[in-house]
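Here is how the chains run, residue by residue.
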Amino acid sequence: MTIATTAQPVAKPSGRTAAEPAESAGPVASAPLDLGELTGLRTVPARHPWRWAAGLATLVVLAQFAHGLATNPAWDWATFRLYFSADTILQAVGRTVELTAYGTVLGFVLGAGVAAMRLSRSAILQSVAWAYVWVFRSIPLIVQLVFWFNLSYLYKRFGVGIPFGPTFGDFETMGVLGALGAAVLGLGLHQAAFAAEIIRGGVLGVDPGQREAAAALGVPRWRQAWRIILPQAMRGILPSAANEVISLFKGTSVVYVMAIGELFYQVQVVYGRTGRVVPLLMVATVWYVLLTTVLSIGQYYVERYFARGADRTPPPTPLQRARSLARGLRARTATAVALGGRS
């Protein structure tokens, strides 16, 4: 006897075939969509009136602010143009950049050491590092700067020798630690406390399995830290570190208490002599914005460099987008010229 392998649908009074599932067997499958029924329908885009109203109100406020900047004589743009590129202001900008660079290098070098101490297995090193971070994060920067500026009052001379024993040589504190040295030391020590926590957080953010796998393969500890842990930790360190560098750049204005000719101090000197407070403050503001923008651009490219392992196809940079746009415009222009020549 032969058994049929395919079932033929049997018509039923209800209009449903035997191949169709019964209602009691489970949910009924949705019928296929008939595209012909959608032909005559009109597509209505979603409307967001409040979004457009908020955007329009924002543009109106920005236009009013720009109009005030252009027409209000109190801004005194003539004085702004006169002092923006003056020699004294440019020298002060250079001194601000110098303080930022020295403070950043010293702060992150010391911060890396403090972070390593906090991550070590020695209870003594952990306690000393914790105390350092606690003290220097608790004391305001301006107090630290004034303290280091007056260090020669507490210690007239520094010596080199055996601890609690004889010294082999000494030198006067005033001759070594001047105003600029005290400012760099204060900025660096203050920055090191924050840098240590940033570095420690980035290292702790790396999966412990990475270190365990490297140790299982016999990779030396220094190579684990330099080639495996640090490149991955940098992705977490960089955003906060760049934010701290920008904060330090603006925080250099605090050294005006030490009469160092950085940007804010020099602007104060000029408007104290001329009485043009607002335009001179705008000079400092624009320079701070420009230099912060440069730092932000550098941060973008450094983060992009260290994100190579996590993002295989990073988005194009603004320069790459501009080049792509220029190539597209040249290609369209050449095509239009060629079609015009044929006609």
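Our subject is the structure that appears above.
Residues numbered from 1 in each chain as written. Predicted model: local features only at pLDDT ≥ 70, side-chain atom pairs only at ≥ 80, totals over all residues. Heavy atoms only, no water.

### Description of the pattern of salt bridges
Piece 1. This structure, assessed with the given rule, holds four salt bridges.
Piece 2. As a salt-bridge pair, arginine 276 and aspartate 76 come within 3.4 Å of each other at their nearest N and O atoms. You can see arginine 276 sitting in the loop between α11 (263–274) and α12 (277–306) and its partner aspartate 76 sitting in the loop between α1 (49–71) and α2 (77–84), a full 200 residues away along the chain.
Piece 3. With relative accessibility at 45%, the residue arginine 276 sits in the partly exposed group.
Piece 4. In this structure aspartate 76 comes out as buried when scored by relative accessible area, which is 16%. (Salt bridge = Lys/Arg side-chain N within 4 Å of Asp/Glu carboxyl O. Helix = DSSP H or I, 4+ residues; strand = E, 2+ residues; numbered from the N terminus. Buried < 20%, exposed > 50% of the residue type's maximum accessible area, 1.4 Å probe, protein only.)

### Examining unusual backbone geometry
Piece 1. The phi dihedral of aspartate 76 is positive, around 55 degrees, even though this residue is not glycine.
Piece 2. Even without being a glycine, alanine 259 presents a positive backbone phi close to 60 degrees.
Piece 3. Inspection of the secondary structure puts alanine 259 in the loop between α10 (221–251) and α11.

### Considerations on the nonpolar core
Piece 1. Counting residues in hydrophobic clusters, the biggest one holds 38 residues, and the most contacted among them are Leu99, Tyr132, Leu145, Leu187, Ile237 and Val255.
Piece 2. For this core, the element with the highest residue contribution is helix α8 (residues 179–204), accounting for twelve residues.
Piece 3. With near-sequence residues (within four places) excluded, tyrosine 132 lies in contact with Val114, Leu189, Ala192 and Ala193.
Piece 4. The next biggest cluster of nonpolar side chains, apart from the first, holds 17 residues, and it includes Ala86, Ile89, Leu280 and Tyr288. (Core = buried A, V, L, I, M, F, W, Y, C linked by side-chain atoms within 4.5 Å. Contact = heavy atoms within 4.5 Å.)

### Examining the packing of aromatic side chains
Piece 1. One pass over the structure, following the stated rule, counts eleven aromatic pairs.
Piece 2. For the pair tryptophan 75 and tryptophan 77, a centre-to-centre distance of 6.1 Å together with 15 degrees between the ring planes defines the contact as stacked.
Piece 3. Taking the relative accessible area as the measure of exposure, tryptophan 75 reaches 23% and is therefore partly exposed.
Piece 4. Relative to tyrosine 301, the ring of tyrosine 300 has its centre 5.2 Å away and its plane inclined at 85 degrees; by these criteria the two rings are edge-to-face.
Piece 5. On the basis of relative accessibility, which here comes to 33%, the residue tyrosine 300 falls in the partly exposed class.
Piece 6. Aromatic rings pair up to connect Trp75, Trp77, Phe80, Phe84 and Trp287 into one cluster. (Phe/Tyr/Trp six-rings, centres within 6.5 Å; stacked < 30°, edge-to-face > 60°.)

### Things to note about the environment of alanine 307
Piece 1. Mapping alanine 307 onto the fold places it in the loop between α12 and α13 (318–342).
Piece 2. Placed 75 residues apart in sequence, alanine 307 and glutamine 232 show a C-alpha to C-alpha distance of 8.6 Å.

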